[in-house]
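Listed below are the residues making up each chain.
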Amino acid sequence: MKSTLWIALATSIALNGCARATPEQQIIDDAAAALGGRGRILSVKTLVIEGEGANGNLGQEMTPEAASQTFKVTGYKRVIDLAGSRVRIEQTRTPTFPYFQGQAPQRQVLGIDGPTGYNIAANGTATRVADEVARDRRADFYHHPITIVRAALDAASKLANPRTFNNQRTVDVTTASGLMFTLAIDSTTRLPSLVVSTTDNTNLGDVAIETSFADYKDVGGLKLPARLTTKTDTYTTADLRITKQAVDGAARDVAAPAAAASAAPFSATAPGTVSVEEVAKGVWFLAGQSHHSVLVEFGDHLALIEAPQNDTRALAVIAKARELRPTKPLTRVINTHHHFDHSGGIRAAVSEGLTVITHRANAAFYRKPWATRIRSCRTRSAGIPSP
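Just so you know, these numbers come straight off a predicted model, no measurement behind them. (Residues numbered from 1 in each chain as written. Predicted model: local features only at pLDDT ≥ 70, side-chain atom pairs only at ≥ 80, totals over all residues. Heavy atoms only, no water.)

1. Topic: the overall build of the protein chain
On a plain count of helices and strands, the protein chain comes out with 10 helices and 19 strands. Seen through its principal axes, the protein chain has C-alpha atoms that stretch 100 × 45 × 40 Å. In the protein chain, of all internal contacts separated by at least 6 residues, the share reaching a separation of at least 24 is 56%. Accessible surface computed for the protein chain: about 18900 Å², of which carbon and sulfur atoms make up 55%. Side-chain charges of the protein chain comprise 43 positive and 35 negative groups, with the mean position of each set lying 3 Å from the other. (Helix = DSSP H or I, 4+ residues; strand = E, 2+ residues; numbered from the N terminus. Contact = heavy atoms within 4.5 Å. Areas by Shrake-Rupley, 256 points an atom, 1.4 Å probe, with all protein chains shown as cover. Lys, Arg positive; Asp, Glu negative; His and termini not counted. Charge placed at Lys NZ, Arg CZ, Asp CG, Glu CD.)

Laid out in structure tokens, this is it:
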């Protein structure tokens, strides 16, 4: 009887010892080993990252496709509380180009704590950000090698679609909370090379947010990147050179301030009030939020000047315009310029059948997002094909 039990036990150990990881799990295991080991990654409590670099000026450039304007970033500090899934970022941005708000440095403090995203103004006032902004910040939490690999090591996460492309091995990761990413690791070093997630951009449609990692350094028993570059679609929005990093350093002030945590959640696309003022015969000022529209009546049709902010605002303005003159069709929208705050509702206007009148230089830029649909591919900006 005893010998039978020993044989069974030995057989079980042998079988388990020979079990091979699935291809998708092997990618994560290799990344974990290259970064410092599974145990070390899971034991990390905080990361404190400091440096400098540049931010892009997405949506506010002089021409639609331009990507030359940058803000110089100094005093960058990012505190990541891994156990609490919280982040606080501090930085100072200084325009390196003529800027309509002036050349003064802009101090920014922002964070995410559970469902609460927050900003802290220069005077110390904390405000809650819209749910959509908080959602993107929760995804951004995983745009670091340690946080994404740590999430992928969680048994509750799902791994799928292992593939190889351009000397990178990639795998799709769905976290326990349902967030989806694609992680790529270098086939030679096995270190994470980039992570990609997808979000809905008001102007660009469904876009990939890609953060690439380079220049790894030894820090506290881990390999950590000293260069982080983020792109929104094809536009570089952040390029950071890390000069100081600490593992399990002090993580103060990462909790959402009380004023932000106690504020009611809200959506950036919640329907707003459209106020109406007839400023001349057949001309109406349609206001009610930070950016406004003008409706003009012609003999046989209506035309709208500006569809700003977002789809929800534009649809509310269009509905109000049709309500004012129900017997005349609203046929066109005149867009003064491409800046995102002035063109956020253009896609909605097109969906309502309106012809867009704008400068010819905007045509190609606008046609791209008009044709964009929600895609399953989360890695198109990284040049990595879907499986």
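2. Some details on helix α4 (residues 131-140)
Where α4 is concerned, the buried positions are A134, R137 and A139. Looking at the buried positions of α4, the neighbouring elements they touch are β4 (106-113), β5 (116-120), β9 (180-186) and β10 (192-201). (Buried < 20%, exposed > 50% of the residue type's maximum accessible area, 1.4 Å probe, protein only.)

3. Concerning the pairing of strand β13 (residues 235-247)
Relative to β13, strand β1 (residues 46-56) runs antiparallel, the two being bridged by 9 bridges. Bridge pairing in β13 places L47 opposite V247. Strand direction decides the pairing type here: strand β12 (residues 222-232) and β13, joined by 6 bridges, are antiparallel. Paired with K231 across the strands is T236, a residue of β13. Hairpin remark: β12 followed by β13, antiparallel, with 2 residues in the connecting loop; positive phi at D233, about 60°. (Pairing = 2+ DSSP bridges.)

4. Focus on the nonpolar core
I28, I41, L47, I146, I148 and V149 are the most contacted members of the largest nonpolar core, which totals 46 residues. Those residues in contact with I146 that sit more than four places away from it in its chain are L35, I41, L47, L82, L222 and L224. Ranked by size, the runner-up nonpolar core spans 18 residues in total, among them L286, A307, A314 and V317. (Core = buried A, V, L, I, M, F, W, Y, C linked by side-chain atoms within 4.5 Å.)

5. Re the confidence of the model for the protein chain
On average, residues of the protein chain score 89 in pLDDT, and 91% of them are at 70 or above. Here residues 4-17 is a poorly scored stretch, pLDDT under 50, and it has 0 contacts once near neighbours within four places are set aside; other chains count. Ignoring residues within four places in sequence, the model shows residues 374-382, a span with pLDDT below 50, making 28 contacts including any to other chains. (pLDDT = per-residue confidence, 0-100.)

6. Observations regarding unusual backbone geometry
Not every positive phi belongs to a glycine, and N161 is a case in point at roughly 60°. Locating N161 in the fold gives a position in strand β7 (residues 158-165). Judged by relative accessible area, N161 falls into the partly exposed class, the value being 32%. Positive phi, normally seen in glycine, also occurs at N166, with a value near 50°. By secondary structure assignment, the location of N166 is in the loop between β7 and β8 (168-174). What makes N166 exposed here is its relative accessible area of 60%.

7. Things to note about the packing of aromatic side chains
Per the stated rule, a full pass over the model turns up 5 aromatic pairs. Their ring planes at 85° and their centres at 4.9 Å tell us that F141 and Y142 sit as a pair that is edge-to-face. Taken individually, F141 and Y142 each receive the classification buried, so the pair is uniform in this respect. Ring centres 6.0 Å apart and planes at 45° place the aromatic pair F365 and Y366 in the tilted group. Pairwise contacts between aromatic rings join F141, Y142 and F181 into one cluster. (Phe/Tyr/Trp six-rings, centres within 6.5 Å; stacked < 30°, edge-to-face > 60°.)

8. Let's talk about the pairing of β10
With 8 of 10 residues buried, β10 lies mostly within the body of the structure. Hairpin connection, β9 to β10: the antiparallel pair is bridged by 5 residues, and R190 has positive phi, about 70°. Inspection of the sheet shows β10 paired to strand β11 (residues 205-219) by 8 bridges, in the antiparallel sense. Of the residues in β11, the one forming a bridge with T198 is A208. Counted between consecutive antiparallel strands, the loop separating β10 from β11 contains 3 residues.

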